Amino acid sequence: MRKILLGLFFTSLCAFSQNDLKQQWSFAEGLYKRGFYEDALQEYQSLLTNSGSQLEKNALLRIITCCEQTKQDPEKYIDLYIEVEKDPNLRVVVQLKKAALLIQKKEYAKAEQLYKEIIATKTNYQEHTLYEYGRLLLEQGKNQEAINTFLALSKKGKAEDKEVRIYAHYALASLYLGQEDFPLAEQHLNSLIEMSKEHPLKIQAFVLLIKILATQERDLELIAAYKKLEKHQASIQELNPLTIQYALALIRQNKYDQARGAIASIKKPTSQELPWVHYSSGICYYQLGFYQEAITSFSQCLESESFKQATQASAYLIYSQIQLKKLDKALEMSQAFDKKYPNSSLRAELHYKNSLLALEQNKKTIAISELQAALNTYLPAWQHVKNAHQLLAQTLAQEKRFCESAEVWQKLASLSTADEKSHASFKSVENYLLAKEFQHAEEVLVRTQPSPNLKFKKATLGVEIKISQKEWDTVHETILLTLEDFTEAEDQGLLYMLQGRSFYLQNRLKEATISLEKSAKLITHPTTLGQTLNLLANSYQLQDLKSEAALIYKSIFTKNLNLELNWSDNQKEDICRLLELENHLKTSLLASESINHDPTFYSLQRARIYLRLEDYESCKTALNDIAVDQLDEKNLCAYSSIETLLLIKLGKMDKANRTLETIKKINQWHPGDFPLYLYTKALHLYLQGDYEQSWKSANRAYILFNDWQFSSHSLFLAIQSTQKLKRSEDAEKLLKELKKRFPAYIKRPNVANFISKNLAKH
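Scoring rules and cut-offs
- Residues numbered from 1 in each chain as written.
- Predicted model: local features only at pLDDT ≥ 70, side-chain atom pairs only at ≥ 80, totals over all residues.
- Heavy atoms only, no water.
- Salt bridge = Lys/Arg side-chain N within 4 Å of Asp/Glu carboxyl O.
- Helix = DSSP H or I, 4+ residues; strand = E, 2+ residues; numbered from the N terminus.
- Contact = heavy atoms within 4.5 Å.
- Buried < 20%, exposed > 50% of the residue type's maximum accessible area, 1.4 Å probe, protein only.
- Polar contact = N/O pair within 3.5 Å; in protein donor to acceptor, adjacent residues only side chain to side chain.
- Phe/Tyr/Trp six-rings, centres within 6.5 Å; stacked < 30°, edge-to-face > 60°.
- 1 Å grid on protein atoms, 1.4 Å probe; cavity = no way out; pocket = protein on both sides within 12 Å on 5 of 7 lines; lining within 4 Å.
- Points joined across faces, edges and corners; volume = space filled by probe spheres on them.
- Nonpolar A, V, L, I, M, F, W, Y, C, P; charged D, E, K, R; others polar.
- Expected span 1.5 Å × (residues − 1).
- Arc of directions from axis to C-beta.
- Core = buried A, V, L, I, M, F, W, Y, C linked by side-chain atoms within 4.5 Å.
- Axes fitted to C-alpha atoms, helices over the stretch in contact; angles between N-to-C directions.
- Parallel < 35°, antiparallel > 145°, perpendicular 65-115°, else oblique.
- Left-handed = near helix turned anticlockwise from the far one by under 90°.
- Patch = residues over 30% accessible without salt bridge, like charges linked within 9 Å, V, L, I, M, F, W, Y side chains within 5 Å.
- Areas by Shrake-Rupley, 256 points an atom, 1.4 Å probe, with all protein chains shown as cover.
- Lys, Arg positive; Asp, Glu negative; His and termini not counted.
- Charge placed at Lys NZ, Arg CZ, Asp CG, Glu CD.
- pLDDT = per-residue confidence, 0-100.

> I tried to follow the pattern of salt bridges on my own but got confused; where do I start?
In a structure, side chains of opposite charge can pair up when their charged atoms sit close to one another. As enumerated under the stated definition, the model contains 36 salt bridges in all. Notably, a salt bridge pairs Glu-464 with Arg-501, separated by 3.0 Å at the nearest N-O pair. Here Glu-464, found in helix α25 (residues 455-468), pairs with Arg-501, found in helix α27 (residues 489-505); they are 37 residues apart in sequence, far enough to count as distant. Between Arg-727 and Asp-730 there is a salt bridge, and its shortest N-O distance comes to 3.2 Å.

Structure (structure tokens):
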């Protein structure tokens, strides 16, 4: 009975104690909720009974919070809670608080250890713990360990499923960017971009991705990324830099109008952004051909001394002047550019472009100087290095500076490989030959080791060297041996051409003609064929075979080979006259088109040809283009003879008579013009009824000359004069000669009619 009473007593006491603790908890809670954290703290502390009860755990949690609110150290209470709480998911919350407290106290090693313990325990907060641990490592500069931690977190699942995964991917992207590991950074940015839900870091991922793509000039991807970002424009604080990168990407893709639209959308650019706006606009204007506007834009962007693309902007400024054909301004600005940017890789390009404009304006001395400047400043990666060498060598050769040209070709050979190297060396040999530096030519040729397909070229250059040295026996023997080694038609044709040239230079013209005729039948290459035919025509002319020479020149023009030949102005005139006098009138007319150095000769020659073609209207038009007061005596006689014949055709006999009197006083003639004068004079006399003098003048024209038009006209006029003079025997003799010398002429309707009426029996 006593034991029962004691048990009831203790039960009543415990119940009373529990009721008391609940009341105390309620009281503490009231203080806590009203913000009296100091007082609440004391009340909660009185609830700590080391019982491990839930009430005690709750009290510890409140104590920790009160300590935090009153700036007191809660660590011992945190440790007490961790000790009594057996549920890992509840304990981890306080463990994380302790880790944060340790970090605050800069006890990083303890914090790291605690995070590791938490991570090792399976809880609902494991991913959060990984993120916090990664942040701690990052703050300590332990980037690689931080990367490993964030990677572990990022592999837990889709980024969009948990906030900490999103932050982990963004942290990884930032870390990899810092290491310039762009592919890995891009991988984590794409994980954020591909999220279906919206998030501030998704937009930031777009921003970082665009910057990466801009750095690598992956323009199509950048353009696509920017277009996806456009719908988020309102939430992007720094859109202008991205728009500038977008515009530059469009520019690199040659989409200049779209780029201009993007640039126009930039609002209130900062002082750092404004130069980029002007620079991008300048490129668009330049590429679209608005060079003056481009100059304005590039000048504006260069007003900023800190602009990073100042070198390129300055270069574009000069390019614009070049496009406007302002060579002097471009040269002046290029000199300033050289001084300001002595190490710029753009210097070579500027001088190269200057040289192209100088050549366009036929200022070869300036072009040579600019090409030399380009080749003195270029870097190995410059794309025009070989073109610049070739252009310089060719321009030097055009200026007859053959030794310098040869040296440039040699430099190009040293920069080249395989066949290109051999071709450059061969060009060097050719220029040394032109400079008559035969020893240098031979030395270069000996050093050149061509591939099998270029051995023939080396062999022919060897022959040319011997020709230049006039070692005729060696030339002949070498050509014969080479003809045996190289049996292709084109190769044999070139060898026969060299043989013909050798004979030509020895004045063995018949042998030269035979070799050149063989060559012309075998060669198909336009340049070589043109040179061969030209040499053959010269050979005929030196043998006084003008008709054969004219046929060759006609062939040259028919095949457009005249474009391959560098005839002098005098040569062009002589060929044009030869074609005219040998009755190749249409070809002569074609040849006259290339004579643009002398307007007087051009118009006078066309008048001669049209007169022979009996196209009197065109002849008159050509005469009207001639400034008569500027003609010399020979040209004036030719002009007056043509004009007189036209006057006669128009029936203006008095004026024609006066013109003939003027000609008689001067009496100075170019070859081929005097027969025209004699015929014109004879015709005038005939129409005036002076048949005796007409007959005499006509006789001189057909006896002294064999002109296709005017000798035949004169011979027929002589027949008409003798018929008028009733000298039938003379008329008969003249008719026989007309049939013999000009058989085609008697088929002309007016001639045939006259013969049938007056000399029918013949």
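> Sorry, what's going on with the environment of Ile-147 here?
Locating Ile-147 in the fold gives a position in helix α8 (residues 143-154). The spacing of Ile-147 and His-169 is 22 residues in sequence and 9.9 Å in space, taken between C-alpha atoms. The contact partners of Ile-147, leaving out residues within four places of it in the chain, are Leu-172, Leu-175, Tyr-176 and Gln-179.

> Which parts of the structure should I look at to understand the environment of Asn-562?
In this structure, Asn-562 sits in the loop between α30 (546-558) and α31 (569-581). For Asn-562, a relative accessible area of 17% corresponds to the buried category. The contacts of Asn-562, once residues within four sequence positions are left out, are Ile-556, Phe-557 and Trp-567.

> I'm lost on unusual backbone geometry in this one. Help?
Generally, phi is negative for residues other than glycine and the peptide bonds are trans, each holding for most cases. For Lys-71, which is not glycine, the phi torsion reads 65 degrees and is therefore positive. Take Lys-71: it is sitting in the loop between α3 (54-69) and α4 (75-84). For Lys-71, a relative accessible area of 77% translates into the label exposed. Phi is positive for Glu-180, which is not a glycine, with a value near 60 degrees.

> Explain the side chain of Ser-712 here, please?
Structurally, Ser-712 can be placed in helix α39 (residues 710-724). Look at Ser-712 and you get buried, because its relative accessible area is 1%. In this structure the side chain of Ser-712 is engaged in a polar contact, spanning 2.8 Å, whose partner is the backbone oxygen of Trp-708. Excluding anything up to four places from it in sequence, Ser-712 contacts Asp-707, Leu-738, Phe-742 and Tyr-745.

> What should I look at first to understand the packing of aromatic side chains in this one?
The description of an aromatic ring pair rests on the distance of the ring centres and on the angle between the ring planes. Counting across every chain of the model gives 31 aromatic pairs. Relative to Tyr-44, the ring of Tyr-32 has its centre 6.3 Å away and its plane inclined at 70 degrees; by these criteria the two rings are edge-to-face. Residue Tyr-32 is located in helix α1 (residues 2-33), and its partner Tyr-44 is located in helix α2 (residues 37-45); the two are separated by twelve residues in the primary sequence. Under the relative-accessibility criterion, Tyr-32 is labelled buried at 15%. Seen from their ring centres, Phe-557 and Trp-567 are 5.8 Å apart, and the 40 degrees between their planes marks the pair as tilted.

> Is there a simple way to explain empty space enclosed by the protein in this structure?
Left-over empty space is what a probe sized like a water molecule reveals as it rolls over the atoms. Within the structure shown, the criterion is met by one cavity of 30 Å³ or more. Taken as a whole, the largest cavity spans an internal volume of roughly 40 Å³. Along its surface, the largest cavity is lined by Arg-577, Glu-580, Arg-608, Leu-611, Arg-612, Gly-672, Asp-673, Leu-676 and Phe-710. Elements with a minimum of two residues in the lining of the largest cavity: α31 and α33 (599-612). Of the residues forming the lining of the largest cavity, the biggest block, three residues, is contributed by α33. Per-class residue counts for the lining of the largest cavity are three nonpolar, one polar and five charged.

> Even after reading the chapter, I still don't get the layout of surface pockets, so can you show me in this structure?
One number sums up the size of the largest pocket: a volume of about 2000 Å³. Lining the largest pocket are 42 residues, with Glu-430, Leu-434, Glu-464, Arg-501 and Gln-531 sitting closest to its centre. If you list the elements that add at least two residues to the lining of the largest pocket, you get α21 (385-398), α22 (402-415), α23 (418-434), α25, α27 and α29 (526-542). Within this model, the second largest pocket holds a volume of roughly 770 Å³. Around the second largest pocket, the lining comprises 27 residues; the ones closest to its centre are Lys-546, Arg-577, Leu-581, Pro-671 and Gly-672. Contributions of two or more residues to the lining of the second largest pocket are made by α30, α31 and α33. When residues of the lining of the second largest pocket are assigned to their parent elements, the largest contribution, six residues, is made by α31. Looking at side-chain class alone, the lining of the second largest pocket contains nine nonpolar, eight polar and ten charged residues.

> Can you help me understand α22 in this one?
The α-helix advances 3.6 residues per turn, and as a result positions three or four apart in sequence lie on the same side. Given a rise of 1.5 Å per residue, 14 residues ought to cover 20 Å, and the 20 Å separating the end C-alpha atoms of α22 matches this to within 8%. For α22, the complete set of buried residues consists of Phe-402, Ser-405, Ala-406, Val-408, Trp-409, Leu-412 and Ala-413. With its buried residues spanning 160 degrees around the axis, α22 presents them on a single face. Summarising the geometry of α22, the exposed residues directed more than 90 degrees from the buried face are Lys-411 and Ser-414. Packing partners of the buried residues in α22 comprise α21 and α23.

> What exactly am I supposed to notice about the nonpolar core here?
Generally speaking, soluble globular proteins have nonpolar side chains that are buried together. Judged by nonpolar contacts, the single largest core of 93 residues is most densely connected at Tyr-115, Phe-150, Tyr-279 and Phe-298. By residue number, the principal contributor to this core is helix α11 (residues 200-215), which donates eleven residues. Leaving out residues up to four positions away in the same chain, Tyr-115 has contacts with Leu-96, Ala-99, Ile-103, Thr-129, Glu-132, Tyr-133 and Leu-136. Judged by nonpolar contacts, the second largest core, of 45 residues, contains Ile-609, Leu-611, Met-653 and Tyr-702.

> Looking at this structure, I do not really get the packing of α22 against α23. What am I missing?
When two helices pack together, their arrangement is given by the angle between the helix axes and by the axis-to-axis distance. At a minimum axis separation of 8 Å, α22 and α23 run at an interaxial angle of 165 degrees. Judged by the angle between their axes, α22 and α23 are roughly antiparallel. As α22 packs across α23, the resulting crossing turns out to be left-handed. Two secondary-structure elements touch here, α22 through Phe-402, Cys-403, Ser-405, Ala-406, Glu-407, Trp-409, Gln-410, Leu-412, Ala-413 and Ser-414 and α23 through Lys-421, Ala-424, Ser-425, Lys-427, Ser-428, Asn-431, Tyr-432 and Leu-434. In terms of residue class, the contact of α22 with α23 is made up of nine nonpolar, six polar and three charged.

> Even after reading the chapter, I still don't get the environment of Ala-111, so can you show me in this structure?
Counting through the fold element by element, Ala-111 comes out in helix α6 (residues 108-120). Classification of Ala-111 as buried rests on a relative accessible area of 0%. C-alpha of Ala-111 to C-alpha of Leu-136: the two residues are 25 residues apart in sequence and 8.4 Å apart in space.

> I would appreciate a short explanation of a positive patch on the surface in the present structure.
Taken together, the side chains of Lys-620, Lys-652, Lys-655 and Arg-658 make up a positively charged region of the molecular surface. Its location among the elements puts Lys-620 in helix α34 (residues 616-624).

> Is there a simple way to think about helix α41 (residues 749-758) in this case?
Buried within α41 are the following residues: Val-751, Phe-754 and Ile-755. All buried residues of α41 project into a common sector of 95 degrees when viewed along the axis, lining one side. Turned more than 90 degrees away from the buried face of α41, the exposed residues are Pro-749 and Lys-757.

> What exactly am I supposed to notice about the confidence of the model for the protein chain here?
The predicted coordinates ought not to be read in detail in places where the model reports low pLDDT. Taken over all residues, the pLDDT of the protein chain has a mean of 89, while the share at 70 or more is 96%. Ranking the helices and strands of the protein chain by mean pLDDT puts helix α28 (residues 509-522) first, with 96, and α1 last, with 60. A low-confidence stretch, residues 1-16 stays under pLDDT 50, and its non-local contacts, those more than four residues away or across chains, total zero contacts.

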